[in-house]
Protein chains: 2
Amino acid sequence: MTAFPQTPRNRVRRIPERARYEKNEIYTILDEALVCHVGIVTEEGPLVLPMLPGRLEDTLYLHGAPASRLLKHISQGGEVCITATLVDGLVLARSIFHHSVNYRSAVLFGKGRPVEKEDEKLRALEVISEHVCPGRWDEARRPSPRELAATAVVAVEIESASAKVRSGPVNDDPADAAWPVWAGVLPLELHAGEPLPSEGVNLPPPPTVTSYRRGKRAG
Amino acid sequence: MTAFPQTPRNRVRRIPERARYEKNEIYTILDEALVCHVGIVTEEGPLVLPMLPGRLEDTLYLHGAPASRLLKHISQGGEVCITATLVDGLVLARSIFHHSVNYRSAVLFGKGRPVEKEDEKLRALEVISEHVCPGRWDEARRPSPRELAATAVVAVEIESASAKVRSGPVNDDPADAAWPVWAGVLPLELHAGEPLPSEGVNLPPPPTVTSYRRGKRAG
């Protein structure tokens, strides 16, 4: 399967020409976003928390403390919605009405399961680590058995998903062409600053740090 | 009320020393984040979509197309969870276990209502516009009655909220001090690039565009 079938759950209703159902496009957005927002249904209503995802094919891994309410819910098979959003720029039209944002967002649906076997747990943590900072897994000290036991990992099997993308220039009304204001797109991008070494570090930062960027990666 | 009372709904359970309940701190995070993630409960489970918020005291405004499923749900009084996350840097420890992210996240809860009176609708759109690009409301052509009618606006009265903040350096185990890897914090920030003018624009970009940044604003 290279695209998700359109269903009432994942269909993009507003501006369908911005919709994407191909796995490759959806996963590229998820992989480029550092953080995703994970939604569950609790007794009191919806709960949305930011998490660091890691993806292996159609499986999304999340980790945290064993006492995490969100992870417990997901490990018990709860329905999950995971949304990742990249903002690429402000679309500044001559009219307020035609203002917009260039963005790429991915919305994924699935059910959770616990990850308890040590080999899958370790693989999941590697995938999350590589999502956050590619190459770091091979440089840092890997988790000890005690540390692994102190980390909860859950998996969400992605059953359905879609993405929505707005790109390109302003769509102003021709009638507003003479409105006396600058109009155009202001690009926005997440930039890395100067690395701040920990106390006692005498090594230079490696390329995993100095070349860090949230670029488009293989889907 | 300058802080939200702690309840089972908004209490931060994991690492409570990172929790914030003061309105000023929570709203500063929401105001600085360009996008928020809005969670509702649908018949099929949780749904989380990115939106551009605008806040006026304890009221959060959202807008979109009148046919939007999310806005319809919110306008009918549905329970909403709104989460905004700012990522300030990667925390790169010597051990994978102590890797982290410096972040500020705000999680808000409330119920929705429709915004239909023209004066509140216009005020809400101004607040959202000023959230996205401060100053733009006074430069661009304001919404016409026809455009206002083509825009749905909803309000969420914020009943409860909390924030969670991680900042500062790496917390490595002293036993890992000699591990042969660079450790430290890599700051991350959203940067604006060079403005790209629309066709036919002969004016220079104004300071609202050239000085654009998502800085900390009054709470």
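Residues numbered from 1 in each chain as written. Chains lettered and ligands numbered in written order. Predicted model: local features only at pLDDT ≥ 70, side-chain atom pairs only at ≥ 80, totals over all residues. Heavy atoms only, no water.

Colleague: How do you make sense of the overall build of chain A when you look at a structure like this?
Modeller: The helix and strand inventory of chain A stands at five helices and ten strands. By its C-alpha atoms, chain A is 65 × 50 × 35 Å across when sized along the principal axes. Scored against the burial criterion, the 219 residues of chain A give a buried share of 54%. Of the contacts formed within chain A by residues at least 6 apart in sequence, a portion of 71% connects residues at least 24 apart. Surface exposure of chain A reaches about 9700 Å², of which carbon and sulfur atoms provide 54%. If the 27 positive side-chain charges of chain A are averaged to one point and the 28 negative ones to another, these points end up 3 Å apart. (Helix = DSSP H or I, 4+ residues; strand = E, 2+ residues; numbered from the N terminus. Buried < 20%, exposed > 50% of the residue type's maximum accessible area, 1.4 Å probe, protein only. Contact = heavy atoms within 4.5 Å. Areas by Shrake-Rupley, 256 points an atom, 1.4 Å probe, with all protein chains shown as cover. Lys, Arg positive; Asp, Glu negative; His and termini not counted. Charge placed at Lys NZ, Arg CZ, Asp CG, Glu CD.)

Colleague: What's the story with the pairing of strand E3 (residues 45–51) of chain A in this structure? I'm lost.
Modeller: The side chains of a regular strand alternate, first on one face of the sheet and then on the other. All names here are of chain A. In terms of residue burial, E3 counts as a mostly covered element, since five of its seven residues are buried. When strand E2 (residues 36–42) meets E3, the two strands line up antiparallel, connected through seven bridges. Each bridged residue has a counterpart across the sheet, and for histidine 37 the counterpart in E3 is proline 50. Connecting E2 to the antiparallel partner E3 that follows it, the hairpin turn spans two residues. (Pairing = 2+ DSSP bridges.)

Colleague: What should I look at first to understand the side chain of A:Ser105 in this one?
Modeller: Turning to its location among the elements, A:Ser105 is positioned in strand E7 (residues 100–115). Residue A:Ser105 is classed as buried on the basis of its relative accessible area, which comes to 5%. Once you skip the residues sitting within four places of it in the chain, A:Ser105 turns out to touch A:Ile29, A:Ala84, A:Thr85, A:Ser162, A:Ala163, A:Lys164 and B:Pro50.

Colleague: Would you mind going over the pattern of salt bridges with me for this structure?
Modeller: Side chains that carry opposite charge are capable of pairing whenever their charged atoms lie near each other. All names here are of chain A. Scanning the entire structure with this criterion turns up 34 salt bridges over all chains. For arginine 104, the salt bridge identified is with glutamate 32, shortest N-O distance 3.0 Å. Taken together, the residues arginine 104 in strand E7 and glutamate 32 in helix H1 (residues 23–32) connect sequence positions 72 residues apart. Each member of the pair, arginine 104 as well as glutamate 32, is classed as buried. Among the salt bridges present, the one from aspartate 172 reaches arginine 94, with a minimum N-O distance of 3.2 Å. You can see aspartate 172 sitting in the loop between strand E8 (152–166) and strand E9 (184–192) and its partner arginine 94 sitting in the loop between strand E6 (79–92) and E7, a full 78 residues away along the chain. (Salt bridge = Lys/Arg side-chain N within 4 Å of Asp/Glu carboxyl O.)

Colleague: How do you make sense of the state of the cysteines when you look at a structure like this?
Modeller: Covalent bonding between the sulfur atoms of two cysteines is what defines a disulfide. Inspection of every chain in the model, using the stated rule, returns zero disulfides over all chains. Here A:Cys81 is not cross-linked by a disulfide; its sulfur's nearest cysteine counterpart is in A:Cys36, at 10 Å. The thiol of B:Cys133 is not disulfide-bonded; the next cysteine sulfur, from B:Cys36, is found 18 Å away. What makes B:Cys133 buried here is its relative accessible area of 1%. (Disulfide = S-S within 2.5 Å.)

Colleague: What should I look at first to understand the interface of chain A and chain B in this one?
Modeller: Quite often, the size of an interface is put as the accessible area lost when its parts meet. Opposite the 86 residues of chain A that make contact, chain B presents 86 residues. With both sides pooled, the region where chain A packs onto chain B buries about 7200 Å², and carbon together with sulfur makes up 68% of that total. Where chain A touches chain B, the interface holds two salt bridges. A salt bridge links A:Arg141 to B:Asp176, with the shortest nitrogen-to-oxygen separation between them at 2.6 Å. If you look at where chain A meets chain B, you find 31 residue pairs in polar contact (both at pLDDT 80 or more). Broken down by secondary-structure element, the contributors of at least two residues to the side of chain A that touches chain B are E2, E3, E6, E7, helix H3 (118–132), helix H4 (145–149), E9 and strand E10 (196–197) of chain A. Here five bridges tie E9(A) to strand E9 (residues 184–192) of chain B, and the two strands are oriented antiparallel to one another. Bridge pairing in E9(B) places A:Ala192 opposite B:Leu188. (Buried area = accessible area lost by both parts, 1.4 Å probe. Polar contact = N/O pair within 3.5 Å; in protein donor to acceptor, adjacent residues only side chain to side chain.)

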